[in-house]
Amino acid sequence: MTDSASASLSSRTVLVTGATSGIGFATARQLAERGATVLVHGRTAGEAQAATDRLIATEGIDGARLCGFAADFTCLEEVEAMARRVVAEHPELDVLVNNAGMAAPERHTVTADGNEVAFQVNFLAHYLLTCLLEPALAGERGGRVVNVSSSLHRTASIQWSDPQRVRRYSRLAAYAQSQLALTVFAADPRVTAVSVHPGICETELLPLYANAGASAEEGARHVVRLCDPAVEVVNGAYYDRDQCVDPAPAATDARTLKRLNKLAGQLVGHGA
């Protein structure tokens with residue numbers, strides 16, 4: 001197997017969502033250092049540009065390998081617009097890293113699209129983006145999706161009768177539900193996909209887990225490894241850092257995947 005720490009990715013194009021900070025920024029940097037063309041997603045065009053400028057100025061990355069993309073994941077129309085631009089400019093996309101995420105707020109919050117905000121940002125927006133980018137990912141080289149999930153998916157259940165958690169809201173339960181949904185979605189057979197828990201890292205999500213964690217750079221290494229075509233993966237597999245392990249039982253249940261695809265398709269207005 002090729003050494004994923006040194007192998008060139010010069011022919012690969014990778015979109016990293018949430019690439020302006022934390023594990024997403026470190027993932028973008030490590031991919032670009034290995035020669036990949038990196039599409040750097042930020043919530044706004046300004047944030048995406050600032051991230052690319054920082055990669056060039058402080059990390060020495062060749063600006064020709066970077067391209068900024070913007071979409072606020074609390075607005076599904078912006079996700080659709082970004083997907084259209086990606087397909088138009090990069091009809092052959094090798095990897096989509098679904099990394100953007102947020103901690104659920106203390107109070108129940110609903111987006112303009114009518115979805116609980118963490119469920120939309122952490123899962124529904126990625127579901128929609130993946131579906132819309134399927135033509136670009138299904139090229140001759142065979143694209144791959146890497147979902148940056150969480151070990152907290154093991155504590156979750158999807159509230160099918162109340163996925164927006166209107167009746168009983170807990171920020172930890174809402175966050176865990178979004179991570180379970182993202183992990184289940186990796187088992188969708190349409191595009192080769194895996195999920196990875198990059199470890200507990202020093203990011204904005206750290207307070208959900210512990211008081212201390214590994215560096216974002218270390219977490220990113222586990223993500224980048226799975227972007228490497230030399231690393232063979234099984235569709236739907238779940239990795240805890242660099243180890244392939246069994247996810248929560250729901251993540252491998254065909255009926256759960258079918259129900260989730262139906263629910264997500266309804267919520268984002270895009271059929272599975």
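The rules behind these values
Residues numbered from 1 in each chain as written. Predicted model: local features only at pLDDT ≥ 70, side-chain atom pairs only at ≥ 80, totals over all residues. Heavy atoms only, no water. Helix = DSSP H or I, 4+ residues; strand = E, 2+ residues; numbered from the N terminus. Expected span 1.5 Å × (residues − 1). Buried < 20%, exposed > 50% of the residue type's maximum accessible area, 1.4 Å probe, protein only. Contact = heavy atoms within 4.5 Å. Arc of directions from axis to C-beta. Core = buried A, V, L, I, M, F, W, Y, C linked by side-chain atoms within 4.5 Å. Salt bridge = Lys/Arg side-chain N within 4 Å of Asp/Glu carboxyl O. Disulfide = S-S within 2.5 Å. Pairing = 2+ DSSP bridges. Axes fitted to C-alpha atoms, helices over the stretch in contact; angles between N-to-C directions. Polar contact = N/O pair within 3.5 Å; in protein donor to acceptor, adjacent residues only side chain to side chain. Parallel < 35°, antiparallel > 145°, perpendicular 65-115°, else oblique. Nonpolar A, V, L, I, M, F, W, Y, C, P; charged D, E, K, R; others polar.

### A look at helix α5 (residues 171-185)
Across its 15 residues, α5 extends 21 Å between first and last C-alpha, which sits within 8% of the 21 Å expected from 1.5 Å per residue. Within α5, twelve of the 15 residues are buried, which leaves it mostly tucked inside the rest of the structure. Ala174, Tyr175, Ala176, Gln177, Ser178, Gln179, Leu180, Ala181, Leu182, Thr183, Val184 and Phe185 are the residues of α5 that are buried. Elements that come into contact with the buried residues of α5 comprise β4 (95-98), α4 (117-137), β5 (144-148), β6 (193-197), β7 (238-240) and α7 (254-268).

### Some words on helix α3 (residues 76-89)
Each α-helix turn comprises 3.6 residues. Residues three or four places apart therefore point the same way. The end-to-end C-alpha separation of α3 is 20 Å, in line with the 20 Å expected for 14 residues at 1.5 Å each. Turning to α3, its buried residues are Leu76, Val79, Met82, Ala83 and Val86. Along the axis of α3, the buried residues cluster in a sector spanning 115°; they form a single face. Seen from the buried face of α3, the exposed residues on the opposite side, beyond 90 degrees, are Glu77, Arg84 and Ala88. Buried residues belonging to α3 abut β1 (13-16), β2 (37-42), β3 (66-70), α4 and α7.

### Section: the nonpolar core
Core analysis: the biggest nonpolar cluster contains 43 residues, and Leu15, Phe73, Phe123, Leu129 and Leu133 have the highest contact counts within it. Where this core is concerned, the elements lending two or more residues are α3, α4, α5 and α7. A per-element tally of this core places α4 first, with 13 residues. Look past the residues within four positions of phenylalanine 73 in its chain and what remains in contact with it is Thr17, His41, Val79, Met82, Ala100, Gln120, Val121, Ala125, His126 and Leu129.

### Brief notes about the pattern of salt bridges
Overall, the coordinates contain ten salt bridges when judged by the stated rule. Put simply, glutamate 33 and arginine 29 hold a salt bridge, and the shortest N to O gap is 2.4 Å. Here the residue glutamate 33 and the residue arginine 29 both occupy positions in helix α1 (residues 22-33), the gap between them amounting to four residues, near one helical turn. Given the relative accessible area of 45%, glutamate 33 is considered partly exposed. Put simply, glutamate 59 and arginine 29 hold a salt bridge, and the shortest N to O gap is 3.9 Å. Of this pair, glutamate 59 sits in helix α2 (residues 45-59) while arginine 29 is found in helix α1, placing the two residues 30 residues apart along the sequence. We classify glutamate 59 as partly exposed; its relative accessible area is 32%. A cluster of three or more residues bridged by salt bridges with shared partners is formed by Arg29, Glu33, Glu59 and Glu217.

### Some points on the state of the cysteines
Taken as a whole and assessed by the stated rule, the structure comprises zero disulfides. We note that cysteine 67 lacks a disulfide partner, and the nearest cysteine sulfur, in cysteine 227, lies 17 Å from it. Free of any disulfide, cysteine 244 has its nearest neighbouring cysteine sulfur in cysteine 227, separated by 16 Å.

### Observations regarding the sheet that holds β4
Read across the sheet, eight strands follow the order β3-β2-β1-β4-β5-β6-β7-β8 without closing on themselves; strand pairing throughout is mixed. In this open sheet, the two strands that pair with only one neighbour each are β3 and β8 (243-245). Within this sheet the neighbouring strands show an average axis-to-axis angle of 25°, counted without direction. Packed on one face of the sheet, α5 meets β4, β5, β6 and β7 and runs near 160° to β5.

### Considering the side chain of serine 178
Here serine 178 is to be found in helix α5. Within the structure, serine 178 has its side chain in polar contact with the backbone oxygen of tyrosine 175 (distance 2.6 Å). Ignoring any residue separated from it by four or fewer positions in sequence, one finds serine 178 in contact with Ala118, Phe119, Asn122 and Phe123.

### As for the side chain of threonine 130
Checked against the element boundaries, threonine 130 lands in helix α4. At 2.7 Å, the side chain of threonine 130 and the backbone oxygen of histidine 126 are in polar contact. Residues within four places of threonine 130 in sequence aside, it is in contact with Leu96, Asn98, Val145 and Phe185.

### Considerations on the packing of α4 against α7
At a minimum axis separation of 10 Å, α4 and α7 run at an interaxial angle of 95°. Taken together, the axes of α4 and α7 are roughly perpendicular relative to one another. Counting all contacts with α4, which are made through Phe119, Phe123, Leu124, Tyr127 and Leu128, the residues of α7 involved are Leu260, Asn261, Ala264, Gly265, Leu267 and Val268. Looking at the contact of α4 with α7 residue by residue, the class counts come to nine nonpolar, two polar and no charged.

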